[in-house]
Amino acid sequence: MADKLTNNPIHLGLGATAFSEPPFTGDPAWYQAYGERHANDGAEGRLVSLHYFTEPWTVWEMHPVGAEVVMCIKGEMTLIQQMDNGSVRQIALGEGEYAINPPGVWHTADVEGEATALFITAGQGTENRDR
């Protein structure tokens, strides 16, 4: 039976492994359990997920141990990155376009209308803060 990426993200682990994850809830407990399941993969593990948005994000996030790829699959979105020197970079993404969030860079996104994005995230140690 096939899984749907919006419901069941994928973990890419050491040794070129791939695991379908339990149903995504979006709450902190889901992420904590994910981290515990794949702790042995350390900074090399990647979470692959697909999310649908109809409004700007309400938080900033940062991934300290690795880069994150954000690819807009449908619609348009603006990725906002706060660089180490305090400057802010805005990257407009349309269908099929991607950007990379470098390790340690705080980022958020604005969405007007609807957008769907694919994320490949080095999630170990991820931090969030209110926008």
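In the block above lies the structure referred to throughout.
Rules used throughout
For every chain, the first residue of the written sequence is number 1, and numbering continues from 1 onward in sequence order. Only residues with pLDDT of at least 70 get local features here, since the model is predicted, and only at 80 or more are side-chain atom pairs given and counted; chain-wide, interface and lining totals rely on the full set of residues. The side-chain quantities take in all heavy atoms of the structure and omit both hydrogens and water. Only DSSP runs of H or I covering at least 4 residues are called helices, and only runs of E covering at least 2 are called strands; the numbering of each starts at the N terminus. Between the two quantities, the radius of gyration covers C-alpha atoms and the globule rule is 2.2 Å times the number of residues to the power 0.38. Here's how the labels work: a residue is buried when its accessible area is under 20% of the maximum for its type, exposed when over 50%, partly exposed in between, all with a 1.4 Å probe on protein chains only. Should any heavy atoms of two residues lie within 4.5 Å, those residues are counted as being in contact. For Phe, Tyr and Trp, rings pair up if their centres lie within 6.5 Å, where Trp contributes its six-membered ring, and each pair is then called stacked (planes under 30 degrees apart), edge-to-face (over 60) or tilted (otherwise). By the criterion adopted, a ring carries a charge over it if an Arg CZ or a Lys NZ lies within 6 Å of its centre and within 35 degrees of its normal. As defined here, a cavity is a set of points on a 1 Å grid over the protein atoms alone where a 1.4 Å probe fits but cannot get out. A pocket is an open set with protein on both sides within 12 Å along at least five of seven lines, and residues line them when an atom is within 4 Å of a point. Grid points are joined across faces, edges and corners, and a volume is the space filled by probe spheres set on the points. The nonpolar class holds Ala, Val, Leu, Ile, Met, Phe, Trp, Tyr, Cys and Pro. Asp, Glu, Lys and Arg form the charged class, and all remaining residues, Gly among them, are polar. Pairing between two strands is assigned when DSSP locates at least 2 bridges connecting them. Between the N-to-C directions of two axes lies an angle of 0 to 180 degrees, each axis being a line fitted to C-alpha atoms and, for a helix, fitted only over the stretch in contact.

### Remarks on the overall build of the protein
Then step 1. For the protein, the helix and strand inventory stands at 1 helix and 11 strands.
Then step 2. In sequence order, the protein lays out its α and β elements as β-β-α-β-β-β-β-β-β-β-β-β.
Then step 3. For a compact globule of 131 residues, the expected C-alpha radius of gyration is about 14 Å, and the protein comes in at 14 Å, within 12% of that figure.
Then step 4. Taken along the three principal axes of its C-alpha coordinates, the protein extends 35 × 35 × 25 Å.
Then step 5. When the 131 residues of the protein are sorted by exposure, 35% land in the buried category.
Then step 6. Pairs at least 24 apart in sequence give 66% of the contacts found in the protein among residues at least 6 apart.

### Some points on the packing of aromatic side chains
One pair of aromatic rings is described through two measures. These are the centre distance and the angle between the planes.
Then step 1. The full count for this structure, using the stated rule, is 7 aromatic pairs.
Then step 2. Ring plane angle 80 degrees and centroid distance 5.7 Å describe the contact between Phe-24 and Tyr-31, whose orientation is recorded as edge-to-face.
Then step 3. Looking at Tyr-31, the relative accessible area reads 39%, which means it is partly exposed.
Then step 4. Judged by centre distance (5.3 Å) and plane angle (85 degrees), the rings of Trp-30 and Tyr-31 are edge-to-face.
Then step 5. Take Trp-30: its relative accessible area is 6%, and that puts it in the buried class.
Then step 6. Here the aromatic cluster, defined as three or more aromatic residues joined through ring pairs, consists of Phe-24, Trp-30, Tyr-31 and Tyr-34.
Then step 7. Directly above the ring of Trp-30 sits Arg-37, whose terminal nitrogen or CZ lies 6.0 Å from the centroid.
Then step 8. Positioned over the ring face of Trp-60 is Arg-129, at 5.3 Å from the centre of the ring.

### A short note on unusual backbone geometry
Then step 1. The backbone phi angle of Ala-16 is positive, close to 60 degrees, even though this residue is not glycine.
Then step 2. Within the element layout of this structure, Ala-16 appears in the loop between strand 1 (10-13) and strand 2 (17-20).
Then step 3. The exposure class of Ala-16 is exposed, given its relative accessible area of 80%.

### Let's talk about the layout of surface pockets
Then step 1. Considered as a void within the structure, the largest pocket measures approximately 910 Å³ in volume.
Then step 2. Together, 37 residues line the largest pocket, and Phe-24, Tyr-31, Glu-61, Thr-126 and Asn-128 are the ones closest to its centre.
Then step 3. At the level of secondary structure, the elements contributing two or more residues to the lining of the largest pocket comprise helix 1 (28-37), strand 3 (46-53), strand 4 (59-62) and strand 10 (115-121).
Then step 4. For the lining of the largest pocket, the element with the most residues is strand 3, which contributes 6 residues.
Then step 5. Counted by class, the lining of the largest pocket contains 15 nonpolar, 16 polar and 6 charged residues.

### Some remarks on the sheet that holds strand 2
Then step 1. Read from one edge of the open sheet, 6 strands run 2-1-3-10-5-8, paired in antiparallel fashion. Where the open sheet ends on each side, the last strands, each with one partner, are strand 2 and strand 8 (98-101). Averaged over all neighbouring strand pairs, the angle between strand axes comes to 20 degrees, with direction disregarded.
Then step 2. The pairing of strand 5 (residues 68-75) with strand 8 spans 4 bridges and is classified as antiparallel. Considered in strand 8, the bridge of Val-70 is made with Ala-99.

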